[in-house]
Amino acid sequence: SQQGEEDPQALSIQEGENATMNCSYKTSINNLQWYRQNSGRGLVHLILIRSNEREKHSGRLRVTLDTSKKSSSLLITASRAADTASYFCATLGGGADGLTFGKGTHLIIQP
Amino acid sequence: DTAVSQTPKYLVTQMGNDKSIKCEQNLGHDTMYWYKQDSKKFLKIMFSYNNKELIINETVPNRFSPKSPDKAHLNLHINSLELGDSAVYFCASSQMSGYGYTFGSGTRLTVV
């Protein structure tokens, strides 16, 4: 069954603004990961946050994790047109059955 | 160098045919995966495999079978293709459980 649910499903903002996407999940996790998918392409790993971490940064990306609320957020600061893509959160549980992905947020950056 | 490569990129075939999609990774990763992405972009894991263990998603029809000739390859064989099999199939690999995945660029399968 699907684990992650991203919110919003679609987001359109002006270039230079910050974009925030949220993810909720249902069961306990080992880690949570965010991926980007450009149209017609494969997924690219952005950032991984472990269950004992609360916040992580990578360049213009900031990820938070609240295990008590079973939720995570991805913040992209100073957005660029090239950030236009779909963003997926994915959770890894304790078993060997791989990442479970959410439905994704489609982000559009207006120039 | 392409880290995870899939072939073919596009595959159009008739119902009832048998087809294969190949996947190779040159990262030295221990585990490989197959995912299916439907028209709504929902990604669903089909298989995960390392040299010790094959994990099959129980919802995957047994017409689908992974075959791994060696650690760097995990091919996907599909028998008796159906219209509902049309989707984009992604191969991925990871160093070990708990690390990020590297995805291939996908194979768009269209069954007519």
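Before any of the text, the structure's been laid out above.
Evaluated as defined, the whole model comprises 6 salt bridges over all chains. For K56(A), the salt bridge identified is with E53(A), shortest N-O distance 3.9 Å. What makes E53(A) partly exposed here is its relative accessible area of 24%. Through salt bridges with shared partners, a single ionic network connects R63(B), E82(B) and D85(B).

Before going further, it helps to spend a moment on the packing of aromatic side chains. Counted according to the given criterion, the structure contains 11 aromatic pairs over all chains. Residues Y35(A) and F103(B) carry aromatic rings whose centres are separated by 5.7 Å and whose planes lie at 80 degrees to one another, so their mutual orientation is edge-to-face. Here the residue Y35(A) occupies a position in strand β4 (residues 31-37), and F103(B) occupies one in strand β10 (residues 102-103), the pair thus bridging two chains. We note that Y35(A), like F103(B), is buried. Pairing Y35(B) with F103(B) gives two aromatic rings, centres 5.8 Å apart and planes at 50 degrees, and the pair type is tilted. One end of the pair, Y35(B), is in strand β4 (residues 31-37); the other, F103(B), is in strand β10, and 68 residues separate them in sequence. With relative accessibility at 8%, the residue F103(B) sits in the buried group. Aromatic rings pair up to connect Y35(A), F88(A), F101(A), Y33(B), Y35(B), F90(B), Y101(B) and F103(B) into one cluster.

With 20 residues of chain B at the contact, the number on the chain A side is 23 residues. In total, chain B and chain A occlude about 1,600 Å² of area from one another, counting both sides; carbon and sulfur atoms represent 56% of this. In this assembly, chain B and chain A are joined by 0 salt bridges. Across the chain B-chain A interface, the total number found is 6 residue pairs in polar contact (both at pLDDT 80 or more). Going through the elements one at a time, β4 and β5 (43-49) of chain B are the ones with two or more residues in the side of chain B that touches chain A.

Another aspect to go through is the environment of G104(B). Inspection of the secondary structure puts G104(B) in the loop between β10 and β11 (107-111). Here G104(B) falls in the buried class, since its relative accessible area comes to 2%. Separated by 13 residues in sequence, G104(B) and C91(B) have C-alpha atoms that sit 5.4 Å apart. Leave out the neighbours within four places in its chain, and G104(B) touches G42(A), V4(B), Q6(B), F90(B) and C91(B).

With that settled, consider the environment of L76(B). Residues and elements named next belong to chain B. Mapped onto the secondary structure, L76 falls in strand β8 (residues 75-78). With 43 residues separating them along the chain, L76 and Y33 place their C-alpha atoms 10 Å apart. With residues up to four places along the chain from it excluded, the contact list for L76 reads K19, S20, I21, W34, M46, F47, F64, S65 and Y89.

Moving on: unusual backbone geometry. With an omega of 0 degrees, the peptide bond between D7(A) and P8(A) qualifies as cis. Relative to the helices and strands, P8(A) resides in the loop between β1 (5-7) and β2 (10-14). Residue P8(B) is reached from T7(B) by a cis peptide bond, and omega for that bond is 0 degrees. Tracing the chain through its elements places P8(B) in the loop between β1 (4-7) and β2 (10-13). The phi dihedral of A78(A) is positive, around 45 degrees, even though this residue is not glycine. With respect to the helices and strands, A78(A) occurs in the loop between β8 (71-76) and β9 (85-92). We classify A78(A) as partly exposed; its relative accessible area is 38%. Unlike most non-glycine residues, K41(B) shows phi in positive territory, near 75 degrees. Among the structural elements, K41(B) can be located in the loop between β4 and β5. With relative accessibility at 31%, the residue K41(B) sits in the partly exposed group.

Calculation notes
- Residues numbered from 1 in each chain as written.
- Chains lettered and ligands numbered in written order.
- Predicted model: local features only at pLDDT ≥ 70, side-chain atom pairs only at ≥ 80, totals over all residues.
- Heavy atoms only, no water.
- Salt bridge = Lys/Arg side-chain N within 4 Å of Asp/Glu carboxyl O.
- Buried < 20%, exposed > 50% of the residue type's maximum accessible area, 1.4 Å probe, protein only.
- Phe/Tyr/Trp six-rings, centres within 6.5 Å; stacked < 30°, edge-to-face > 60°.
- Helix = DSSP H or I, 4+ residues; strand = E, 2+ residues; numbered from the N terminus.
- Contact = heavy atoms within 4.5 Å.
- Buried area = accessible area lost by both parts, 1.4 Å probe.
- Polar contact = N/O pair within 3.5 Å; in protein donor to acceptor, adjacent residues only side chain to side chain.

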